[in-house]
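# Structural description and commentary
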Amino acid sequence: MAHKILSSQNIMDLLDGEESELDFSYDEDEFPNDELDELLQEFNKWIQQPFNPPNIELDDLDITDPVIFLRNPIDYFMHYFNDDFFETLAFNTNLYAIQKNLTNFKATNQQEIRVLIAIHLIMGCLKFPRVRMYWEENFKVPSVFNSMSRDRFFQLRQNLHIINNLDIPNNNHDKFVKIRPLYDLIKKKCNELPKERNICIDEQTVPFKGKLSVKQYMRGKPCPWGVKIFVLASENGLIYDFILYQGSSTELIQDNLNLFGLGASVVLHLVHTVKKNSHFLFFDNFFSTYNLFEQLYNLGIYAAGTIRPNRFAKPPLLLDKQMAKLGRGATFEIRSDVNNLFSIGLVKWYDNKAVTLGSNFITSGTIDTVQRYDKKKKNISL
């Protein structure tokens, strides 16, 4: 990216300029009450000085055994789903059929449940428009047709259960209670994976268009309809931890919700398996708050992400219109100072539009000059 360094006179000229005509609004639904803003106004002083990054000496990452041979896909799958899981599915499926008094239901076993799940995986890859087509003469798939009859497939799928329904408490508020053992099993295996140096947190959609109370529509996502989950992942997309979001009944984040807000509470829960002083964490402005950066710093986690300025007690950043006058590559940096105990750096950078970022360990960093294509001039410039 191209950068332009501001002189003292540049800054003074801009601060004396016109007010921005742009109207900015931010979603406050996920942010706690105004007490934090009042505290920041009283105790936090934003200084128009470059951020002083802390001296960071990261610990070594956990050493993993070198890969000697590549495992088959079934070996990876069985790493997450053991024999006990299939046995539990078979037992609870039979139990549910008994509870419904199904006289024509033949008891299943873990091997047949394995076949049922394998057929679903095949269907997820082929994606025929109707399930019955996998058994029809003109379209049948041998690996499906020869493994299980159509009627048996539908019978097992209609009665498949992971838990005993009678074990659900009367005061249950967990909307995912019927699949909670599956969630716990996958989550445990993900937590055991060795983490890379750079990790990130974001929201993701599990595609689903059927009838479900927790189904949401998220505009702009590749699959807008589905179940929202919050994910801790590596820069290569490997998932280390995740939370199933179910609105106000998402119990995993309740402890921090009132103090930090939804986004920050999600981050603080997902980093409970992150080793201190070993990783750089990145997230977007849905999660960023002043309190979050401070808490992560105290936990030994160095974080950076885009921010919403109104969550940081209205820091004295240049207006977007003022940044636009300086042109692409212009940056403006400030830092907080609370009794020299903790500092956050904010940097506003202008590309095609202004982007504001915050961090507890870095802001502008080393400035580079790069070539970019200019649409107006129709040429490549610095």
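Residues numbered from 1 in each chain as written. Predicted model: local features only at pLDDT ≥ 70, side-chain atom pairs only at ≥ 80, totals over all residues. Heavy atoms only, no water.

## Here we look at helix 4 (residues 83–99)
Look at helix 4: 24 Å from first C-alpha to last across 17 residues, which is about the 24 Å you get at 1.5 Å a residue. When we look at burial in helix 4, the residues that qualify are Phe85, Phe86, Leu89, Ala90, Asn92, Thr93, Asn94, Tyr96 and Ala97. Contacts made by the buried residues of helix 4 are with helix 3 (73–80), helix 5 (110–126), helix 7 (150–159) and helix 8 (180–191). Residue asparagine 101 follows helix 4 closely and has a positive phi angle near 60 degrees. (Helix = DSSP H or I, 4+ residues; strand = E, 2+ residues; numbered from the N terminus. Expected span 1.5 Å × (residues − 1). Buried < 20%, exposed > 50% of the residue type's maximum accessible area, 1.4 Å probe, protein only. Contact = heavy atoms within 4.5 Å.)

## Quick word on the environment of glutamate 87
Its place among the elements puts glutamate 87 in helix 4. The sequence separation of glutamate 87 and isoleucine 162 amounts to 75 residues, and the corresponding C-alpha distance is 9.9 Å. In this structure the side chain of glutamate 87 is engaged in a polar contact, spanning 3.2 Å, whose partner is the side chain of glutamine 110. (Polar contact = N/O pair within 3.5 Å; in protein donor to acceptor, adjacent residues only side chain to side chain.)

## A few points about the pattern of salt bridges
Applying the stated criterion across every chain, the model contains 12 salt bridges. When the shortest N-O distance is used, the salt bridge between glutamate 203 and lysine 228 registers 3.5 Å. A residue pair is termed long-range when its members are at least 10 positions apart, and glutamate 203 in strand 2 (residues 198–207) and lysine 228 in strand 4 (residues 225–234) qualify at 25 residues. Each of the two residues, glutamate 203 as well as lysine 228, counts as buried. One network of salt bridges, in which partners are shared, links Glu203, Lys221 and Lys228. (Salt bridge = Lys/Arg side-chain N within 4 Å of Asp/Glu carboxyl O.)

## Structural notes on helix 11 (residues 290–298)
Every buried residue of helix 11 is listed here: Tyr290, Asn291, Leu292, Phe293 and Leu296. Immediately beyond the C-terminal end of helix 11, within one or two residues, lies glycine 300, with a positive phi of roughly 75 degrees.

## Overview of the nonpolar core
In terms of nonpolar packing, the biggest core is built from 43 residues, with Val267, Leu281, Phe283, Phe287 and Leu296 touching the most fellow members. For this core, the element with the most residues is helix 10 (residues 262–270), which contributes six residues. Beyond its immediate chain neighbours, meaning those up to four positions away, valine 267 contacts Ile201, Leu281, Phe283, Phe287, Leu292 and Leu296. Judged by nonpolar contacts, the second largest core, of 13 residues, contains Phe105, Ile119, Val141 and Phe153. (Core = buried A, V, L, I, M, F, W, Y, C linked by side-chain atoms within 4.5 Å.)

## Details of unusual backbone geometry
Even without being a glycine, asparagine 277 presents a positive backbone phi close to 55 degrees. Overall, the relative accessible area of 16% leaves asparagine 277 in the buried class. Not every positive phi belongs to a glycine, and alanine 313 is a case in point at roughly 55 degrees. You can see alanine 313 is positioned in the loop between strand 7 (302–306) and helix 12 (320–326).

## Some words on the pairing of strand 2
The two faces of a sheet get side chains in turn, since along a regular strand they alternate between them. The pairing of strand 2 with strand 6 (residues 280–283) spans three bridges and is parallel. If you follow isoleucine 199 over to strand 6, its bridge partner there is leucine 281. Pairing geometry for strand 2 and strand 4, over nine bridges, is antiparallel. Each residue of the ladder has a partner; that of proline 207, found in strand 4, is glycine 226. (Pairing = 2+ DSSP bridges.)

## Considerations on the confidence of the model for the chain
Keep in mind that low pLDDT regions are not for reading the predicted coordinates in detail. Scored by pLDDT, the chain has a mean of 85; 86% of the residues are at 70 or more. Contacts from residues 1–9, a stretch scored under 50 in pLDDT, to residues over four places away or in other chains number 28 contacts. Segment residues 11–31: pLDDT under 50, and 33 contacts once partners within four positions in sequence are set aside and those in other chains are kept. (pLDDT = per-residue confidence, 0-100.)

## Focus on the pairing of strand 7
The buried fraction of strand 7 amounts to four of the five residues, a majority that puts the element mostly inside the structure. In this sheet, strand 7 lies alongside strand 6 in parallel orientation, the contact comprising four bridges. Considered in strand 7, the bridge of leucine 281 is made with alanine 303. With respect to chirality, the unit in which strand 6 leads through helix 11 into the neighbouring parallel strand 7 is right-handed. Pairing of strand 7 with strand 10 (residues 354–359) involves three bridges; the strand directions are antiparallel. Paired with threonine 306 across the two strands is leucine 357, which belongs to strand 10. (Right-handed = clockwise from strand over helix to strand, strands pointing away.)

## Section: the environment of tryptophan 135
Inspection of the secondary structure assignment puts tryptophan 135 in the loop between helix 5 and helix 6 (142–145). Distance in space between the C-alpha atoms of tryptophan 135 and asparagine 146 is 9.2 Å, their sequence separation being 11 residues. Not counting residues up to four positions away in its chain, the partners in contact with tryptophan 135 are Met123, Lys140, Val144, Phe145, Met148, Ser149, Arg150 and Phe153. From its side chain, tryptophan 135 meets the backbone oxygen of methionine 148 in a polar contact 2.8 Å long.

## Notes on the packing of helix 5 against helix 7
The interhelical angle for the contact between helix 5 and helix 7, taken along N-to-C directions, is 100 degrees, at an axis separation of 11 Å. The orientation of helix 5 with respect to helix 7, classified from their angle, is roughly perpendicular. Here helix 5 contributes Glu112, Leu116, Ile119, His120 and Met123 to the contact with helix 7, which in turn contributes Arg152, Phe153, Leu156 and Arg157. Across the contact of helix 5 with helix 7, the residue classes break down as five nonpolar, one polar and three charged. (Axes fitted to C-alpha atoms, helices over the stretch in contact; angles between N-to-C directions. Parallel < 35°, antiparallel > 145°, perpendicular 65-115°, else oblique. Nonpolar A, V, L, I, M, F, W, Y, C, P; charged D, E, K, R; others polar.)

## Digging into the packing of aromatic side chains
In this structure the tally under the stated criterion is 21 aromatic pairs. An angle of 35 degrees between the planes, with centres 5.7 Å apart, marks the rings of phenylalanine 283 and phenylalanine 293 as tilted. Placement of phenylalanine 283 in strand 6 and of phenylalanine 293 in helix 11 is noted, with a sequence separation of 10 residues between them. Residue class for phenylalanine 283 comes out buried when judged on its relative accessible area of 7%. (Phe/Tyr/Trp six-rings, centres within 6.5 Å; stacked < 30°, edge-to-face > 60°.)

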